[in-house]
Amino acid sequence: MPKHVTIGILAHVDAGKTTLSEGLLYLSGAIRNIGRVDKGDTFLDTYELERARGITIFSKEASFDYGDFSFTLLDTPGHADFSPEMERTLQVLDLAILLISAADGVTGQAKLLFKLLEHYNVPTIIFVNKMDQLGSDAAAGKEILSALKSGLSPHVVSIQDGIDDDETQEELAVCDDELLSGFFDGKRVSSEDVKNLVNHRKCFPVLFGSALKMDGVKELLDATCEVVRPVTEIPAGSASMQAPASADAPFGARIFKISRDGSGNRLTHIKITSGKLRIRDQIGEEKIDQIRIISGEKFQAIQEAEAGQVVAVLGLSGRRAGEGLGCLEGDTVSEVLQPILSSVLILPDGADPSIVYKNLKALEDEEPMLLVSFSEETKEIQLQLMGEVQKEILTHLIKTRFDLDVKFGKGNIVYKETIAGPVEGVGHFEPLRHYAEVHLLLEPLEPGSGLKFEANCSTDDLSLNWQRLILTHLAEKKHRGVLTGSEITDMKITVIAGKSHVKHTEGGDFRQATYRAVRQGLMMANSVLLEPVLDYRLEVPSEYVGRALTDMQRMNATVTGPEIEGNMSVVKGVVPAACFGDYAGDVASYTKGEGRIFTTLSGYQPCHNAEEVITERGYDPTLDRANSPDSVFCMHGAGTVVPWDQVRSHMHVESGWNPDTHQIETDLSDNIDMEALKELQNKLRNKDTAQKSFAERERDHRAAEGELMAIFERTYGAVKPRYVETETVYEGMTKEEKEARRDHEVEQQKREKYENVKPADEYKEYLLVDGYNIIYASKELSDLAKTDLKAARDSLIDMLINFQGFRRERVLLVFDAYKVPGGKEHVEDNSGLLIIYTKEAETADQYIEKAAHEISKKYKVTVATSDAIEQVIVMGAGAIRLSARDFLEEIERTKELIRERIDKH
């Protein structure tokens with residue numbers, strides 16, 4: 001009986017993904033002739049526009065047998081605009097083949113794909129394609145291998161010549177501590193060891209070849225058979241996205257795609273992770289009408305499907321991609337990639353917006369890159385998109401499906417909102433004969449975390465079914481922020497209190513109270529506007545590097561480099577999507593076609609021009625009646641609306657949340673040994689104090705106090721007594737004053753200095769300088785940097801040495817890591833001027849933000865930069881901001897003072 005496995009091919013655009021798919025199918029005997037993308041006769045690119053444009057737009061399935069395996073091959077889109085379509089296939093893969101074009105190397109899109117594979121925990125083999133374009137030069141292969149190790153993972157290992165040679169054996173052994181220990185004892189790494197390494201994502205084998213010439217394709221397929229592990233063989237407790245399955249396991253499946261066949265039937269594409277599925281099986285309230293195995297444009301109807309198979313089923317009408325079925329019911333996977341553009345859909349005359357919206361919502365289930373919304377006030381349909389190419393595809397799709405000639409209005413950036421600190425939101429809904437009250441704790445999370453919901457409320461105060469209902473209402477809606485009405489993100493929302501009424505509470509009451517609590521909390525919070533940012537890699541001839549650096553500064557981008565690669569200068573960093581525009585066209589123009597820029601979505605960061613965007617949007621949260629922050633209370637026999645800023649005094653329950661104590665608890669929980677603390681709490685809770693004497697209770701109290709001190713010292717180190725109570729420092733103090741003094745001393749011991757920056761006692765003020773920001777703000781230094789960046793740096797250092805010698809501040813000059821791949825942060829003291837070079841992948845902005853936060857706890861801090869985002873953040877840390885222009889003027893004034901002092905003497 002064949003082993004069912006699902007593999008997927010992922011790559012950046014034009015890497016040869018469809019060509020490799022054709023080669024695998026031909027090699028296995030699934031097709032008789034290899035199709036060509038340029039001829040439009042490939043087996044998998046069946047959509048008319050795919051053949052016309054020569055790109056993959058929709059993920060496709062193909063089935064073939066090879067060796068002991070029955071493969072389902074998923075061919076995914078490579079263009080960034082269709083990345084959501086690709087992402088949904090990752091959750092059902094047993095193994096991924098990451099395709100790298102030898103000519104392009106490790107692109108930003110390739111790095112993004114590798115991160116997504118890591119996120120979904122998919123074992124991965126790498127195939128470097130188009131090696132024929134570089135010839136048979138062995139040095140070229142070594143150079144690409146080195147780029148893969150530095151750009152993706154140090155555990156990328158070439159198995160081009162097998163695994164038996166000593167060098168490969170050592171590289172494989174390094175991937176795992178146990179194997180390395182055995183290797184030193186003379187034990188060889190076996191094929192089974194390699195299989196385990198790959199499936200635990202500890203090793204990423206790489207092969208080289210040319211799919212067009214069928215060079216290396218057989219070796220790739222053989223290697224795939226060697227390392228792939230079917231879902232039925234996954235050990236229990238594995239971290240894989242797939243659940244371990246057995247013959248008698250209950251049915252479970254994951255939906256990864258929705259489509260329609262030529263007759264308009266809705267197809268739900270699933271990967272069965274456990275058990276079996278038969279025709280007429282009931283899933284929820286629906287029955288399975290048909291099960292299909294799809295391969296290209298054809299399909300085979302079957303009566304039964306088992307674990308490991310990918311099939312399309314008819315009969316499920318309300319399901320969406322990402323949802324689980326059977327034993328995975330309720331386990332929904334959310335995508336990482338999100339659209340960053342928004343555009344109004346312009347309909348032809350006579351088209352009913354309501355009907356068109358309904359049709360597009362049905363299409364939304366099938367197309368993961370399409371997000372549709374409708375404004376009842378303006379009757380406009382808004383679409384959120386990944387990019388411009390997607391607009392063309394959607395225009396064609398809407399014409400084909402609904403016979404509508406639509407156009408797109410001007411595109412806008414999709415902003416998001418989050419909060420800067422924790423806040424409690426309250427909502428009350430009590431019109432006549434209704435009742436619900438909800439208290440929520442809103443807390444900020446790390447960028448890219450999305451929204452997380454949980455409950456931390458006693459069932460004595462609010463029954464479990466109502467708590468679950470509140471969590472459902474939190475998750476069912478995209479909540480809007482209060483700055484621009486944009487969707488909120490990167491928050492944890494916790495149910496901390498609530499109240500129901502035995503007689504009057506209905507389910508809908510908690511929906512209203514929950515929505516109002518979220519909104520009221522946002523109104524109380526310090527909200528932050530977020531904008532999408534792109535990672536970029538800009539390659540230009542060296543003579544244009546000055547223009548490139550100036551452009552990136554103008555676009556509010558961060559800049560690392562330039563680095564020299566041959567006759568090209570490479571600049572990397574992050575740029576706001578709103579500023580990027582069609583800069584790729586500009587690069588091609590001013591470099592006469594020699595330069596190019598690669599971008600991938602990095603995520604969301606604080607908006608560089610938040611005030612401008614907020615003013616332009618003109619959003620008033622108090623007028624958004626669909627998202628009201630106000631609450632409704634029953635007063636004098638009728639429902640009365642109480643404004644959001646007055647509701648707290650009307651609430652019927654107290655949550656007990658306090659912003660000051662919450663911050664202290666949060667700081668402690670980040671570091672302290674919580675397991676030991678919980679164990680101590682349980683010990684104290686279980687002690688029977690009623691039957692104990694005072695002396696016994698006092699002894700228990702002192703023992704517990706000792707355990708608490710031990711937990712504290714494991715976290716923060718030994719507490720060294722700095723004062724003795726018999727000393728004069730405590731004389732005349734009350735008990736409360738003594739305790740306050742001790743608390744102060746403990747806090748002093750906990751305070752940590754910031755990494756390499758150790759403020760000396762003689763300095764009371766510190767000046768942090770963003771080196772490259774100042775260089776490009778000065779005409780003289782900027783002109784010098786165009787020809788010699790090092791000379792510009794040295795010139796600024798000389799200026800600041802003189803400046804430092806005359807001023808009372810301690811000056812810290814910070815530069816991004818320069819030409820130091822894998823470089824580590826280091827500090828130089830040049831005549832009293834501290835020069836800090838950040839580690840690789842850490843910008844000067846990030847270093848300065850952290851340093852300002854730490855040093856400002858004790859000293860006065862000024863930051864010299866014109867980076868708008870950085871200025872906002874350092875102000876929040878308590879630092880003083882100084883623009884680059886003002887700082888340069890301050891340097892000139894200091895020079896004058898130095899000259900005057902010299903003239904006097």
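Residues numbered from 1 in each chain as written. Predicted model: local features only at pLDDT ≥ 70, side-chain atom pairs only at ≥ 80, totals over all residues. Heavy atoms only, no water.

Some words on the overall build of the protein chain
Consideration 1: Helix and strand counts for the protein chain come out as 27 helices and 40 strands.
Consideration 2: Out of the 905 residues belonging to the protein chain, those deemed buried represent 49%.
Consideration 3: Considering only intrachain contacts with a sequence separation of at least 6, the fraction spanning at least 24 residues in the protein chain is 69%. (Helix = DSSP H or I, 4+ residues; strand = E, 2+ residues; numbered from the N terminus. Buried < 20%, exposed > 50% of the residue type's maximum accessible area, 1.4 Å probe, protein only. Contact = heavy atoms within 4.5 Å.)

Comments concerning unusual backbone geometry
Comment: phi is negative for the bulk of residues other than glycine, and the bulk of peptide bonds are trans.
Consideration 1: Even without a glycine there, the phi angle at Lys130 is positive, about 65°.
Consideration 2: Take Lys130: it is sitting in the loop between strand E5 (124–129) and helix H5 (138–151).

Some remarks on a negative patch on the surface
Consideration 1: Taken together, Asp161, Asp164, Asp165, Glu167 and Glu170 make up a surface patch of like negative charges.
Consideration 2: Summarising the element assignment, Asp165 is placed in the loop between strand E6 (156–158) and helix H6 (166–174).
Consideration 3: The class of Asp165 is partly exposed, set by a relative accessible area of 31%. (Patch = residues over 30% accessible without salt bridge, like charges linked within 9 Å, V, L, I, M, F, W, Y side chains within 5 Å. Areas by Shrake-Rupley, 256 points an atom, 1.4 Å probe, with all protein chains shown as cover. Salt bridge = Lys/Arg side-chain N within 4 Å of Asp/Glu carboxyl O. Lys, Arg positive; Asp, Glu negative; His and termini not counted. Charge placed at Lys NZ, Arg CZ, Asp CG, Glu CD.)

Focus on the sheet that holds strand E13 (residues 290–295)
Consideration 1: Spatial strand order, E14-E13-E16-E9-E8-E17: six strands in an open sheet with antiparallel pairing. Strands at the two margins of the open sheet, each flanked by one partner only, are strand E14 (298–302) and strand E17 (324–326). Direction aside, neighbouring strands of the sheet carry axes that sit 40° apart on average.
Consideration 2: Pairing of strand E9 (residues 266–274) with strand E16 (residues 310–314), which is carried by four bridges, proceeds in the antiparallel orientation. Across the sheet, residue Thr268 finds its bridge partner in E16, namely Val313. (Pairing = 2+ DSSP bridges. Axes fitted to C-alpha atoms, helices over the stretch in contact; angles between N-to-C directions.)

Things to note about the sheet that holds strand E38 (residues 833–837)
Consideration 1: Reading across the sheet, the six strands line up as E37-E38-E36-E35-E39-E40 and stay open at both edges, with mixed pairing between neighbours. The outermost strands of the open sheet, each flanked by one partner alone, are strand E37 (826–830) and strand E40 (880–882). Adjacent strand axes in the sheet meet at a mean angle of 25°, parallel and antiparallel pairs treated alike.
Consideration 2: One ladder, built from five bridges, connects E37 with E38; its direction is antiparallel. The partner of Val827 across the bridge, within E38, is Ile836.
Consideration 3: Sheet strands in contact with helix H24 (residues 789–806) are strand E35 (765–770), strand E36 (810–815), E37 and E38, and its direction is about 170° off that of E36.
Consideration 4: Sitting on the sheet, helix H25 (residues 844–855) is in contact with E35, E36, E38 and strand E39 (860–864), with an inclination near 170° to E35.

Some details on the pairing of strand E8 (residues 252–260)
Consideration 1: Buried residues dominate E8, accounting for eight of its nine residues.
Consideration 2: Sheet topology places E8 next to E9; eight bridges connect them, and they run antiparallel. Among the inter-strand pairings, Arg260 is bridged to a residue of E9, identified as Arg266.
Consideration 3: In this antiparallel pair of consecutive strands, E8 and E9, the connection spans five residues, and Gly264 shows a positive phi of 90°.
Consideration 4: In terms of strand pairing, E8 meets E17 through three bridges, oriented antiparallel. The partner of Arg254 across the bridge, within E17, is Gly324.

Digging into the confidence of the model for the protein chain
Consideration 1: Across the protein chain, pLDDT averages 78, with 77% of residues at or above 70.
Consideration 2: Low pLDDT, under 50, characterises residues 667–672; the predicted model gives this stretch eight contacts beyond four residues in sequence or across chains.
Consideration 3: Low pLDDT (under 50) marks residues 711–730, which in the prediction has 39 contacts with non-local residues, meaning those over four places away or in another chain. (pLDDT = per-residue confidence, 0-100.)

Here's the deal with the pattern of salt bridges
If the charged atoms of two oppositely charged side chains come close together, the side chains can form a pair.
Consideration 1: Going through the model one piece at a time under the given rule, you end up with 31 salt bridges.
Consideration 2: Glu539 is paired through a salt bridge with Arg537; the nearest N and O atoms lie 2.7 Å apart.
Consideration 3: Judged by relative accessible area, which is 21%, Arg537 ranks as partly exposed.
Consideration 4: In the salt-bridge network here, residues are joined through shared partners; they are Asp104, Arg537, Glu539 and Arg596.

Observations regarding the side chain of Thr224
Consideration 1: By secondary structure assignment, the location of Thr224 is in helix H9 (residues 217–227).
Consideration 2: A relative accessible area of 0% places Thr224 in the buried class.
Consideration 3: If we skip the residues at most four places from it in the chain, Thr224 touches Ile7, Phe71, Leu95, Ile97 and Ile125.

Concerning the environment of Asn658
Consideration 1: Within the fold, Asn658 resides in the loop between strand E34 (638–642) and helix H18 (659–669).
Consideration 2: When the C-alpha positions of Asn658 and Val423 are compared, they lie 9.1 Å apart, and in sequence the two are 235 residues distant.

Concerning the packing of aromatic side chains
Consideration 1: The tally for this structure, following the rule as stated, stands at 12 aromatic pairs.
Consideration 2: These aromatic residues form a ring-pair network of at least three members: Tyr544, Phe580, Tyr583 and Tyr590.
Consideration 3: Positioned over the ring face of Phe299 is Arg292, at 3.9 Å from the centre of the ring.
Consideration 4: We note Lys477 situated over the ring of Tyr515; from NZ or CZ to the ring centre the distance is 4.3 Å. (Phe/Tyr/Trp six-rings, centres within 6.5 Å; stacked < 30°, edge-to-face > 60°. Lys NZ or Arg CZ within 6 Å of the ring centre and 35° of its normal.)

Some thoughts on the packing of H6 against helix H7 (residues 177–184)
Consideration 1: It is the contact of H6 with H7, at a shortest axis distance of 7 Å, that shows an interaxial angle of 140°. In this view, H6 runs oblique relative to H7, as classed from their interaxial angle. Only Leu179, Leu180 and Phe183 of H7 make contact with H6, whose side of the interface consists of Gln169, Glu170, Leu172, Ala173 and Val174.
Consideration 2: When the residues that make up the contact of H6 with H7 are grouped by side-chain class, the tally is six nonpolar, one polar and one charged. (Parallel < 35°, antiparallel > 145°, perpendicular 65-115°, else oblique. Nonpolar A, V, L, I, M, F, W, Y, C, P; charged D, E, K, R; others polar.)

Some remarks on H6
Consideration 1: Within H6, the full set of buried residues consists of Thr168, Gln169, Leu172 and Ala173. Projection of H6 onto a plane perpendicular to its axis shows the buried side chains occupying an angular sector of 135°, all on one side. The exposed set on the far side of H6, more than 90 degrees from its buried face, consists of Asp166 and Glu167.
Consideration 2: On its buried face, H6 is in contact with E6, H7 and helix H8 (191–199). (Arc of directions from axis to C-beta.)

So, the pairing of strand E4 (residues 95–101)
Consideration 1: Summarising burial for E4: seven of the seven residues are buried, a large majority.
Consideration 2: Here E4 shows a buried face lined by Leu95, Ile97, Leu99 and Ser101 and a second buried face lined by Ala96, Leu98 and Ile100.
Consideration 3: Where strand E1 (residues 3–11) meets E4, five bridges bridge the pair, whose relative direction is parallel. Bridge assignment links Leu10 to a residue of E4, and that residue is Leu98.
Consideration 4: In this region the chain leaves E4, passes through helix H4 (residues 108–119) and returns to the parallel neighbour E5; the handedness of that crossover is right-handed. (Right-handed = clockwise from strand over helix to strand, strands pointing away.)

A look at helix H16 (residues 583–590)
Consideration 1: All of the buried residues along H16 are Tyr583, Val587 and Tyr590. Along the axis of H16, the buried residues cluster in a sector spanning 85°; they form a single face.
Consideration 2: Residues of H16 that are buried sit in contact with strand E29 (527–541), helix H14 (545–554), helix H15 (577–580) and strand E32 (596–606).
Consideration 3: Of the residues trailing H16, Lys592 is marked for its positive phi of about 55°.

Side note on the nonpolar core
Consideration 1: Counting residues in each nonpolar core, the largest one holds 53 residues, and the members touching the most others are Leu538 and Leu800.
Consideration 2: With eight residues, H24 is the largest single contributor of residues to this core.
Consideration 3: Not counting residues within four places of it along the chain, the set of residues in contact with Leu800 comprises Val769, Val811, Leu813, Leu833, Phe887 and Ile891.
Consideration 4: Core analysis: the second largest hydrophobic core is formed by 41 residues, Leu20, Phe64, Phe69 and Val157 among them. (Core = buried A, V, L, I, M, F, W, Y, C linked by side-chain atoms within 4.5 Å.)

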